[in-house]
Amino acid sequence: MATRLPPVDVVLVGFGWTASILGQELTDAGLHVLALERGAFRDTVPDFATTRIQDELRYAVRNELFEEPERETLTFRNSSDQTALPMRHLGSFKPASGAGGAGVHWNGQNWRFLPTDFLQRSHIEQRYGKGFIPADMTIQDWGVTYDDLEPFYDKFEYLCGISGQAGNINGAIQPGGNPFEGPRKRGFPLPPLKRSYGTVLFDKAAKEVGYKPFPCPAANTSKPYRNIYGAQMGQCTFCGYCEWFGCGNYSKSSPQTTVFPVLLRKDNFELRTHADVTRVLRDASGRRATGVLYVDAQGREFEQPADLVILTAFAQHNVHLLLLSGIGKPYDPKTGQGVVGRNYAYQITSSVDVFVNDIVNPFMGAGALGQAIDEFNGDNFDHGPEKFIGGGYVALWTTGGRPILQHHLPKDAPKWGSGWKKAMADNYLRTVSIATHGSVMSYRDAYLDLDPTYRDVYGSPLIRLTFDFHDNEHRMSKFLTDKAALIAKAMKPRAMHVNQREGHYTIVPYQTTHNTGGAIMGTDPRTSVVNRYLQSWDVPNLFVVGSCAFPQNAGYNPTGTVGALTYWAAHAIRTQYLKKPGPLMSA
Amino acid sequence: MAVLNRNHDRCNEMNFIPARRRLLKAALAPSAATIVPVRFVSNASASVAEPGQYAYFTPVEFTWVEAAVSRLIPNDDLGPGAKEAGVATFIDRQLSGPYGRAETWYMQGPWKKGTKEQGYQLKLTPAQLYRTGITDVDAWCSKNGKRPFAELDAAEQDKLLHDLEQGDVELARAPAKDFFAMLLQNTIEGFLADPMYGGNRDFAGWKLIGFPGPRYNYVAEIDQYGKRYAMAPVGLLGRDGTRVKDT
């Protein structure tokens, strides 16, 4: 029997980026906010101290900061005629556990999506005709526009202290920036990071091929920075331990560096860690959330009443909670009816390893220290002759040179023995890698539902992922990879190695933690779980925030858009919902 | 505001000492988080004169793994190999801890083979896969009229490792390809991980490739394009990586 606790105004389920922002914004509005986090508390000191955190084995290989499949995982299959099996250890993606969520261990590659990305269906239909979209592709418009989100992108960038070079300010193209980006009202808060040698080589080669390279927007600080809440950050030292690690230098934007210093001091904010939410509770009408049920580290069950419930867990975990709680109609791929679990998407990546002549010291880097081209992202080019939808950026990142996972060898190098040793000695200091980062559209047969067989640590069904890459994505990725290879060739390398993504999607090895969809946003309750303010159509005092709201995935890292959507939802709650609690859009 | 905080550590192989030595460790190191380097433990335990030198492996298993890692990363003109770098010790300690026990892995049935896209679906933990695989390989050697793996000459060991890698050897219980893949992965890990975990002794792996270790600050060097970084490797424990002198 669950113990009923005193009510709060707002309960946040999960305590990563989205919850930290909502916690800060809603406590500012005077509300009593409680965050329930399934993992441990973690902060810059002592958890990420530089004398501890620069440990590739512990963090990047043994997955210290991530969720434990033993407690929570998913089952996976490529298609619905297969039997899904559990992801037994982390592979293709690595959701976090613990305070700060994945905001602790990201690289800091912080992008805005393109204006046309938010009009995915209507824009494609208008430019190329309705017949251009394959019948099984279930892409749709977001219900928000780039212009709606621009102020909130801006706010997230000034929260983080993004280092970068603007490419478009109020429609005026800026030299050295990304000329394809949507117009921004002002430049980035910090100038670009110093360039690594690899990014200089890429820049030169990309220009030779005829492209317009620019420094990638980085949530790694090029200078000391004081953010919008007064939190102080220090200059990045290029230690090369961003992704899979916490930053010990207050240089990578994270909830810890940008929000915690202010939020955790507030009297009207409370955080409970090791509090694993298992259900959203509703009243007899089913139309009102009354709170959540959670289990603490001792296995005790608590009922936490709240006026407003906001799901702020990782993408598929939000969807899992909706399904377990029976909120919204589960998606049925046979009929195409139902919404919860619909339009799961991912991203498709590839790379070209470039073996250069000079020493490039790969270990000097930062998670978002990169140079990119954006000619082939979104609808920045004519898709007519290519006959596919989507795109992505091509970038050379110098995130670090951690030896176990970040060494690259030529195709013909032996996998072991003296030949392997020689290849390691010859290549480690003289290799860079060009990455492509491609969009994935949504499809009728890519979805999340509850697994009929496998159970989590509480005995509840695991979430089941049914997903594969489609022909559209393979052709788009091949197109991007060919462009990457053109740039690689212009670098006049000793050798190069093209890693084209081929065949079925596979749950190993690691690809990207850019899982999206399943609780998508929109303007029609028949095709979306939440409205344009991320408010549940079925339960108006429930909001569902995160990349689960993306109707399909764009060709950029998602965090910038997750941050913007969170500020957008927070603004709607503060300015509309609190004044008149109820549906913000009519169905 | 209130924060409930609990310690969180799932990579404690670094600190692992077999049960019978815990008393010794407790006497020497009052804090549970204190690192006891493997050499120190080895030296100390020698005087205790007890059988069992390893955290997980039997002496036969340890010899087997030393033989295998010597072929995967040999001692040659370019410098020390995996054996000299302590990789067998590294693997022994890894298998004795949470990784060896698959402590964070989802290990509930039903168990099915699955497609290759569905990843690892063996019921065996890493520690069990080693124990089973080593026994199976030696049984295969015996069945085929060969000496145990560790006693084969280098060319024969290479041939057998290659056949395991390709899945061309049918072992009794352990899938050959999975066993080989884990062995190779752990060998590379041990050769290139921070020396405090027992491998990469004297920075053998990092010196080979030119990685200076967690140096932390490259603000002054990052734009010195094409120039070799001059500083010698350090580990998280300092310049000798294990905080103990060579004997």
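Preceding this paragraph is the structure being described.
Everything numeric in this text was worked out from a predicted model, so none of it was measured. (Residues numbered from 1 in each chain as written. Chains lettered and ligands numbered in written order. Predicted model: local features only at pLDDT ≥ 70, side-chain atom pairs only at ≥ 80, totals over all residues. Heavy atoms only, no water.)

Novice: Just to check I follow, could you spell out the overall build of chain B for this structure?
Specialist: The helix and strand tally for chain B stands at eight helices and zero strands. Secondary structure elements of chain B, listed N to C terminal, follow the sequence α-α-α-α-α-α-α-α. Residues counted as buried form 51% of the 247 residues belonging to chain B. Taking contacts inside chain B between residues at least 6 apart in sequence as the whole, the part at least 24 apart equals 61%. Taken as a whole, chain B presents about 11,800 Å² of accessible surface, with 53% of it coming from carbon and sulfur. (Helix = DSSP H or I, 4+ residues; strand = E, 2+ residues; numbered from the N terminus. Buried < 20%, exposed > 50% of the residue type's maximum accessible area, 1.4 Å probe, protein only. Contact = heavy atoms within 4.5 Å. Areas by Shrake-Rupley, 256 points an atom, 1.4 Å probe, with all protein chains shown as cover.)

Novice: What is the right way to look at helix α1 (residues 17-28) of chain A in this model?
Specialist: Quick reminder: α-helices carry 3.6 residues per turn. Residues three or four places apart thus point the same way. Residue and element names in this part refer to chain A. With 12 residues, α1 should cover 16 Å at 1.5 Å per step; its first-to-last C-alpha distance of 17 Å lies within 8% of that length. Burial analysis of α1 places 11 of its 12 residues in the buried class, the great majority of the element. Listed as buried for α1 are Trp17, Thr18, Ala19, Ser20, Ile21, Leu22, Gly23, Gln24, Glu25, Leu26 and Thr27. Phi turns positive one or two residues past the end of α1, at Gly30, with a value near 95°. (Expected span 1.5 Å × (residues − 1).)

Novice: Honestly, the environment of Pro69 of chain A in this entry has me stumped. Any pointers?
Specialist: Here Pro69 of chain A lies in the loop between α4 (56-61) and β4 (74-77). Placed 17 residues apart in sequence, Pro69 of chain A and Pro86 of chain A show a C-alpha to C-alpha distance of 8.9 Å. Those residues within four positions of Pro69 of chain A in sequence are excluded, and the remaining contacts are Met87, Arg88, His89 and Leu90 of chain A together with Thr104, Trp105 and Tyr106 of chain B.

Novice: Before we go on, may I ask you to explain the pairing of strand β15 (residues 348-355) of chain A in this structure?
Specialist: A regular strand places its side chains on the two faces of the sheet in alternate fashion. All names here are of chain A. Taken across its eight residues, β15 has eight buried, putting it largely inside the fold. Residues Ile348, Ser350, Val352 and Val354 line one face of β15 and the alternating positions Thr349, Ser351, Asp353 and Phe355 line the opposite face, and both faces are buried. The pairing of β15 with strand β21 (residues 495-499) spans five bridges and is classified as antiparallel. Counted as the bridge partner of Val352 is Val498 from β21. (Pairing = 2+ DSSP bridges.)

Novice: What's the story with unusual backbone geometry in this structure? I'm lost.
Specialist: Excluding glycine, residues mostly have negative phi values, and the peptide bonds linking residues are mostly trans. Residue and element names in this part refer to chain A. With an omega of 5°, the peptide bond running from Val45 to Pro46 counts as cis. Inspection of the secondary structure assignment puts Pro46 in helix α2 (residues 44-47). Even without a glycine there, the phi angle at Lys387 is positive, about 60°. Within the secondary structure, Lys387 sits in the loop between β16 (370-373) and β17 (392-397). Judged by its relative accessible area of 56%, Lys387 falls in the exposed class. At Leu534, a position not held by glycine, the phi torsion is positive, near 65°. Looking at where Leu534 falls in the secondary structure, it is placed in the loop between β21 and β22 (542-544). Judged by its relative accessible area of 0%, Leu534 is buried.

Novice: I'm lost on the packing of helix α7 (residues 197-209) of chain A against helix α12 (residues 471-490) of chain A in this one. Help?
Specialist: A pair of packed helices can be characterised by two numbers: the angle between their axes and the separation between those axes. All names here are of chain A. Interhelical geometry of α7 versus α12 gives an angle of 110° and a closest axis separation of 8 Å. When the axis of α7 is compared with that of α12, the two are roughly perpendicular. Where α7 approaches α12, its residues Phe202, Ala205, Ala206, Glu208 and Val209 are matched on the opposing element by Leu486, Ile487 and Ala490. Taken together, the residues of the contact of α7 with α12 sort by class into seven nonpolar, no polar and one charged. (Axes fitted to C-alpha atoms, helices over the stretch in contact; angles between N-to-C directions. Parallel < 35°, antiparallel > 145°, perpendicular 65-115°, else oblique. Nonpolar A, V, L, I, M, F, W, Y, C, P; charged D, E, K, R; others polar.)

Novice: Looking at this model, I keep getting lost on the state of the cysteines. Mind explaining?
Specialist: Defined simply, a disulfide is a covalent bond joining two cysteines at their sulfur atoms. For the structure on display, the rule yields zero disulfides over all chains. The closest cysteine sulfur to the non-disulfide-bonded Cys160 of chain A is located on Cys247 of chain A, 13 Å from its own sulfur. (Disulfide = S-S within 2.5 Å.)

Novice: Looking at this structure, I do not really get the nonpolar core. What am I missing?
Specialist: Nonpolar side chains in soluble globular proteins generally cluster together in the buried interior. Ranked by size, the top nonpolar core spans 244 residues in total, and within it Phe15, Ile310 and Ile434 of chain A together with Phe57 and Phe149 of chain B carry the most contacts. For this core, the leading source of residues is helix α13 (residues 559-577) of chain A, giving 10 residues. Not counting chain neighbours up to four residues away, the residues in contact with Phe149 of chain B comprise Trp64, Ala67, Ala68, Val137, Asp138, Cys141, Gln157, Leu160 and Leu161 of chain B. (Core = buried A, V, L, I, M, F, W, Y, C linked by side-chain atoms within 4.5 Å.)

Novice: Could you clarify how one ought to interpret the sheet that holds strand β20 (residues 461-466) of chain A in this entry?
Specialist: All names here are of chain A. The four strands lie next to each other as β5-β4-β20-β19, forming an open sheet whose pairing is mixed. Where the open sheet ends on each side, the last strands, each with one partner, are β5 (85-86) and β19 (447-455). Sheet topology note: the β4/β5 ladder contains two bridges and is antiparallel. Pairing of Phe76 across the sheet is with Leu85, part of β5.

Novice: What exactly am I supposed to notice about the interface of chain A and chain B here?
Specialist: Reports of interface size often rely on the accessible area that becomes lost once the parts have come together. With 83 residues of chain A in contact, the opposing surface of chain B contributes 80 residues. Summed over both partners, the interface of chain A with chain B buries about 6,900 Å², with 60% contributed by carbon and sulfur atoms. Viewed at the interface, chain B and chain A are joined by three salt bridges. Residues Lys421 of chain A and Asp76 of chain B are paired through a salt bridge, measuring 2.9 Å at the closest nitrogen-oxygen approach. The interface formed by chain A and chain B holds 28 residue pairs in polar contact (both at pLDDT 80 or more) in total. The set of elements that each furnish at least two residues to the side of chain A that touches chain B consists of α3 (50-53), α4, β4, β5, α7, β11 (269-272), α11 (418-427) and β19 of chain A. Of all the elements, α11 of chain A adds the most residues to the side of chain A that touches chain B, at six residues. Within the side of chain A that touches chain B, the residues separate by chemical class into 38 nonpolar, 25 polar and 20 charged. (Buried area = accessible area lost by both parts, 1.4 Å probe. Salt bridge = Lys/Arg side-chain N within 4 Å of Asp/Glu carboxyl O. Polar contact = N/O pair within 3.5 Å; in protein donor to acceptor, adjacent residues only side chain to side chain.)

Novice: How should the sheet that holds β16 of chain A be read in this particular structure?
Specialist: To summarise the sheet geometry, strands pair through backbone hydrogen bonds and adopt either a parallel or an antiparallel arrangement. All names here are of chain A. Here six strands make up an open sheet; going across it, the order is β8-β16-β17-β18-β15-β21 and the pairing antiparallel. Two strands in the sheet have a free side with no partner beyond their single neighbour: β8 (214-215) and β21. Of the strands in this sheet, β16, β17 and β18 (431-438) touch α7, which is tilted by about 20° from β16.

Novice: What is the right way to read the pattern of salt bridges from this model?
Specialist: Once their charged atoms are close, side chains differing in charge can pair, the charge on each being opposite to the other. All names here are of chain A. Throughout the structure, instances matching the rule amount to 37 salt bridges over all chains. For Asp154, the salt bridge is made with Arg186, and the minimal N-O distance between the two is 2.7 Å. Here Asp154, found in helix α6 (residues 146-160), pairs with Arg186, found in the loop between β7 (172-173) and α7; they are 32 residues apart in sequence, far enough to count as distant. Judged by its relative accessible area of 10%, Asp154 is buried. On the basis of relative accessibility, which here comes to 39%, the residue Arg186 falls in the partly exposed class.

Novice: Looking at this model, I keep getting lost on the side chain of Asn427 of chain A. Mind explaining?
Specialist: Residues and elements named next belong to chain A. With respect to the helices and strands, Asn427 occurs in helix α11. You can call Asn427 buried: its relative accessible area is 4%. Leave out the neighbours within four places in its chain, and Asn427 touches Phe355, His408, Leu409, Pro410 and Arg494.

Novice: How should the packing of helix α3 (residues 59-72) of chain B against helix α6 (residues 154-166) of chain B be read in this particular structure?
Specialist: Residue and element names in this part refer to chain B. Put simply, α3 and α6 touch, their axes get as near as 10 Å, and they point 85° apart. Judged by the inter-axis angle, α3 sits roughly perpendicular to α6. Contacts from Ala67, Ala68, Arg71 and Leu72 of α3 reach α6 at Ala154, Gln157, Asp158 and Leu161. Among the residues forming the contact of α3 with α6, the class breakdown is five nonpolar, one polar and two charged.

Novice: What is the right way to read the environment of Thr132 of chain B from this model?
Specialist: All names here are of chain B. Here Thr132 shows up in helix α5 (residues 126-143). As a C-alpha pair, Thr132 and Ala172 span 40 residues in sequence and 8.9 Å in three-dimensional space. Those residues in contact with Thr132 that lie beyond four places of it in its chain are Leu124, Arg173 and Ala174.

Novice: So what exactly am I meant to see when it comes to the side chain of Arg88 of chain A here?
Specialist: Along the chain, the position of Arg88 of chain A falls in the loop between β5 and α5 (120-128). Within polar-contact distance, the side chain of Arg88 of chain A engages the backbone oxygen of Gln108 of chain B at 3.0 Å. Polar contacts involving the side chain of Arg88 of chain A include one to the side chain of Gln121 of chain B, which spans 2.8 Å. Excluding residues within four positions of it along the chain, Arg88 of chain A makes contact with Pro69 and Tyr454 of chain A together with Trp105, Tyr106, Met107, Gln108, Pro110, Trp111, Tyr120 and Gln121 of chain B.

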